[in-house]
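Examining the three-dimensional arrangement
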Amino acid sequence: MRRVTVLGATGSIGQNTLELVARAPDRFEVVALTGGRNIAQLAHDARRLGAQVAVTAHDDLLGDLRDALAGSGVTAAAGATAIDEAADRPADWTMSAIVGAAGLAPGLRALEHGGTLALANKESLVTAGPLVMQTARRHGARILPVDSEHSAIYQALAGEDIDTVERVIITASGGPFRDWPLDRLRTATVAQASAHPNWAMGQRITIDSASMFNKALEIIETKEFFGVSPEIIEVLVHPESLVHALVGFNDGALMAHVGPPDMRHAIGYALNWPARHDLPVARLDLAQAGRLSFEAPDPGRFPALRLARETLARGGLAGAVFNAAKERALDGFLAGRIGFMQMAETVEDVLSRIYPDNGLIDAGFSLDTVARADHVARVTADAAMAARGAAAHS
Ligand code: NAD
Ligand code: MG
C-alpha cells in the first residue's frame, strides 16, 4: 500500500490525481486531502477515499467542512498551519498541486519526512529551487516532476548521463493568442485568455499559458530541477501539443516524448514510478494527427520568455520576485486593472525597480527570505500597476 497525500486536491491536477488513485484502491491509501473554498468537493472526495484528514485553506470554512464530514470519521481542519500539518503526516507519496507561491511551505514539509514529492507546483522551484532541491537531498526524499514537459524530460533522461545532455527543448502550444498581432494582444480579455486550445487546466495557469508566463516559469523550473545551464534550454512553439519535450545528447540524438495533451499521463507516471501501469489516456494515432509543426516563439509578442532568462541571470531570490510580480500582475489582469500585455510590463517594472540594489536579493534561501522577496515584489507590482494606471488616464 502506498500512502498518498494530495495538496490542492480540489484543483485540476488534484482531481486528476484522485481519479487515478481511486482506480487502484488495492495500491493506494489516502492520508490527507487539502483544498480551498470548494468544501462539497473536498468532503465528497475525503469520504469516498477514506482520508484521515481533510483541510481547507480558509479558517472561516472550518464549520462548513465539519458539517460536511459529520459521521464520516474524517478529521476536519482549516488554515495554512493545518495544511502544513497535513503535509507532515507520514505518507509515501505527496502530490504538491496547490497553485502559486502558497504551495512552497507544505511541499517542503512533505520533503522533510522523506518519501516522494510529485511536484506540480512549479512555483516551488521558481521561487526557491535551491532550497527545495537541498531539502530533498538532506532528507533522502525524491522529487518527481508533474509538468508535462518536465515529466517528458525526466523520462527521456532515464538511464542517461546528464553530462551528455547538449540541449533541452520544452514545447509550448502558443495558447489561444499564438497568431494574434501585438495590437490585438493588447485588447485581449480574461475570457479570451482563459480558453486554451489544447489543455484543460486551472484558470491561472491557462492565462499564464496565453501570455507564455507559464513557459517562462518552466524555463526556470527546468534549470532548477535538472541542474542544466539556462543556455541549453530552448522553447519551441508546437501548436499540436503532442511532443512535450525533447532532449538532445552529445552524439546528436534527440529523444522526444510524444503523447496526447492529458495531465493524467505525467501524474500517473509519478504516481506509479518506478513502475509503469495502465493509464486511462488516449493512445495517439500519429497517422491521424498527420502533421507535427514547430516554430520559434516571437519574443516581441511574448516578452515573458526574455524576462525569465533575465531572472535566471540575476539568480538568488530573483525567481521569487519574478513569480510574485507575475502572480500580482495576473490578479490585476483578472480584476480588470491592467491589460493583457501590461502583465509583462508590470513584471519588467518590478524587476527594474527592485534591482540592482535591494538588500534582500542576495539574502540566501529560507522560507523567510523567500517570503520577504515575495512580499516586496507584490508591493512593488501594486505600485507599478498604479503608476501605469495613472499614466494611462493622464
Ligand atoms: P487549480 O486552480 O485548478 O487548483 C489549485 C488548488 O490549490 C485547489 O485545490 C485550491 O483550493 C488550492 N489553493 C489555491 N490557493 C491556495 C492557497 N492559498 N492555499 C492552499 N491551497 C490553495 O490549479 P491547477 O491547474 O490544478 O494547478 C496546480 C499547480 O499545478 C499549479 O502550480 C500549476 O502551475 C501546476 N500545473 C498544472 C497543470 C494543469 O494541467 N492544470 C499542468 C502543469 C502544472
Ligand atoms: Mg507544462
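You'll find the structure just up there.
Worth saying up front: this structure is predicted, and the values here are computed from it rather than measured. (Residues numbered from 1 in each chain as written. Chains lettered and ligands numbered in written order. Predicted model: local features only at pLDDT ≥ 70, side-chain atom pairs only at ≥ 80, totals over all residues. Heavy atoms only, no water.)

1. Focus: the site of ligand 1
The immediate surroundings of ligand 1 are formed by 24 residues, with T10, S12, I13, G36 and E123 found nearest. V99 is positioned with one of its backbone polar atoms (N or O) 3.4 Å from an oxygen atom of ligand 1. A distance of 3.0 Å is found between an oxygen atom of ligand 1 and a backbone nitrogen or oxygen belonging to G202. For ligand 1, whose accessible area on its own is 830 Å², the fraction buried by protein is 82%. For the shell around ligand 1, the elements supplying multiple residues, two or more each, are α1 (12-23) and α6 (122-138). In terms of residue class, the shell around ligand 1 is made up of 13 nonpolar, eight polar and three charged. If you count residues domain by domain, the shell around ligand 1 takes at least three from each of domain 1 (2-145) and domain 2 (150-260 + 283-289). (Near = heavy atom within 4 Å. Polar contact = N/O pair within 3.5 Å; in protein donor to acceptor, adjacent residues only side chain to side chain. Areas by Shrake-Rupley, 256 points an atom, 1.4 Å probe, with all protein chains shown as cover. Helix = DSSP H or I, 4+ residues; strand = E, 2+ residues; numbered from the N terminus. Nonpolar A, V, L, I, M, F, W, Y, C, P; charged D, E, K, R; others polar. Domains from an automatic or database assignment.)

2. Focus: the packing of helix α11 (residues 213-226) against helix α14 (residues 304-314)
It is at 8 Å that the axes of α11 and α14 come closest, and there the two elements cross at 30°. In terms of axis orientation, α11 runs roughly parallel to α14. Handedness of the crossing formed by α11 with α14: right-handed. Counting all contacts with α11, which are made through F213, K215, A216, I219, I220 and K223, the residues of α14 involved are A304, L305, L307, A308, R309, T311 and L312. (Axes fitted to C-alpha atoms, helices over the stretch in contact; angles between N-to-C directions. Parallel < 35°, antiparallel > 145°, perpendicular 65-115°, else oblique. Left-handed = near helix turned anticlockwise from the far one by under 90°. Contact = heavy atoms within 4.5 Å.)

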